[in-house]
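Residues per chain are reported as follows:
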Amino acid sequence: MQFRELQVPGAWEITPKQFPDPRGVFLEWFKDEAFTDAVGHRLDLQQANCSVSAAGVLRGIHFADVPPGQAKYVTCATGAVLDVVVDIRVGSPTFGRWDAVLLDDVDRRAIYLSEGLGHAFMSLEDGSTVMYLCSTGYAPGREHGIHPLDPEIGIDWPTTDRAGRALAPLLSDKDAAAPTLAEARDSGLLPADDVVREYVRGLQR
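Residues numbered from 1 in each chain as written. Predicted model: local features only at pLDDT ≥ 70, side-chain atom pairs only at ≥ 80, totals over all residues. Heavy atoms only, no water.

1. Points about the overall build of the chain
If you tally the helices and strands in the chain, you get four helices and 13 strands. Relative to a compact globule of 205 residues, whose C-alpha radius of gyration would be 17 Å, the chain shows 16 Å and is just as compact. Counting only C-alpha atoms and orienting by the principal axes, one finds that the chain spans roughly 55 × 45 × 30 Å. A buried classification covers 47% of the 205 residues belonging to the chain. Within the chain, residue pairs in contact and separated by at least 24 positions form 80% of the contacts whose partners lie at least 6 positions apart. For the chain, the accessible surface area stands at approximately 9900 Å², while carbon and sulfur atoms represent 51% of it. Separation of charge centres in the chain, based on 19 positive and 30 negative side chains, amounts to 4 Å. (Helix = DSSP H or I, 4+ residues; strand = E, 2+ residues; numbered from the N terminus. Rg over C-alpha atoms; globule rule 2.2 N^0.38 Å. Buried < 20%, exposed > 50% of the residue type's maximum accessible area, 1.4 Å probe, protein only. Contact = heavy atoms within 4.5 Å. Areas by Shrake-Rupley, 256 points an atom, 1.4 Å probe, with all protein chains shown as cover. Lys, Arg positive; Asp, Glu negative; His and termini not counted. Charge placed at Lys NZ, Arg CZ, Asp CG, Glu CD.)

2. Looking at the sheet that holds strand S10 (residues 110-113)
Taken together, six strands build an open sheet; the order of strands is S1-S2-S10-S7-S12-S5 and the sheet is antiparallel. Looking at which strands have only one partner, the edges of the open sheet turn out to be strand S1 (2-5) and strand S5 (47-53). Between one strand axis and the next, the sheet turns by 20° as a mean value, whatever way the strands run. Where strand S7 (residues 72-78) and S10 come together, four bridges link them in antiparallel fashion. Bridging from a neighbouring strand, Lys 72 pairs with Leu 113 of S10. Lying on the sheet, helix H1 (residues 32-39) is in contact with S1, strand S2 (11-15), S7 and S10; it crosses S1 at an angle near 25°. (Pairing = 2+ DSSP bridges. Axes fitted to C-alpha atoms, helices over the stretch in contact; angles between N-to-C directions.)

3. A closer look at the side chain of Glu 13
Relative to the elements of secondary structure, Glu 13 occurs in strand S2. The class for Glu 13 is buried, based on a relative accessible area of 12%. Residues within four places of Glu 13 in sequence aside, it is in contact with Gln 2, Phe 3, Arg 4, Leu 6, Val 101, Arg 109 and Ala 110.

4. Overview of the sheet that holds strand S6 (residues 58-64)
Either a parallel or an antiparallel arrangement is found when strands of a sheet pair, and the pairing is made through backbone hydrogen bonds. Across the sheet, five strands lie side by side as S9-S8-S11-S6-S13; this open sheet has antiparallel pairing. Looking at strand neighbours, the two that pair on one side only are strand S9 (98-104) and strand S13 (143-145), the edges of this open sheet. In this sheet, neighbouring strand axes are inclined to one another by 25° on average, regardless of whether the strands run parallel or antiparallel. When strand S8 (residues 80-87) meets strand S11 (residues 117-123), the two strands line up antiparallel, connected through seven bridges. If you follow Leu 82 over to S11, its bridge partner there is Met 122.

5. So, the packing of aromatic side chains
According to the stated counting rule, one finds seven aromatic pairs in the structure shown. For the pair Trp 29 and Tyr 73, a centre-to-centre distance of 5.7 Å together with 55° between the ring planes defines the contact as tilted. Here the residue Trp 29 occupies a position in the loop between strand S4 (24-27) and H1, and Tyr 73 occupies one in strand S7, the gap between them amounting to 44 residues. Given a relative accessible area of 28%, Trp 29 falls into the partly exposed group. The buried category is assigned to Tyr 73, whose relative accessible area is 0%. (Phe/Tyr/Trp six-rings, centres within 6.5 Å; stacked < 30°, edge-to-face > 60°.)

6. A few points about helix H4 (residues 193-203)
Within H4, the full set of buried residues consists of Asp 193, Val 196 and Val 200. Taken down its axis, H4 places every buried residue within 65° of arc, on the same side. Projecting away from the buried face of H4 at angles above 90 degrees are the exposed residues Asp 194 and Glu 198. (Arc of directions from axis to C-beta.)

Just distances and angles here, no functional claims.
Here it is, written out as structure tokens:
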């Protein structure tokens, strides 16, 4: 299992070792020891989610208030998605920067996003199944969104699906009504970088 920190500090791409044979394939998509060595603390697993999406479905950009925030360890069991992390920590040197990892059923990579980061993905195939390990449970009162097509962020979303057919983003009503990054910042909705750093340091004790 290999960990590579992304251009947004606090996010990692995880590439597992696969063991194929005539029956199929086996892999460890999460391993506590390897995770702790790379990230600096254990994942406090509180909830596991699964979403299934048609091609073109765009979910996010989602984030939660810090503390406690919601860290996510995400993989795609079937199909393919472009998974995106956005630095929404006000005061961060990389505020507004995004990075992406292709999660699919070929390389079977995962992505880890620590507390205080924004998360979104676009499905590239009908039936794409995404699995999330989360550090906190669902709490609607402290969970928020930023519009995933905000030009200030400028995420380079795919325009074709896995088979090369044209894609049109399909958003939920809630995500379509989400504020821009600037609007969320000006309204005080976003987490502060120093608060996030202090909280994550506390997890490493």
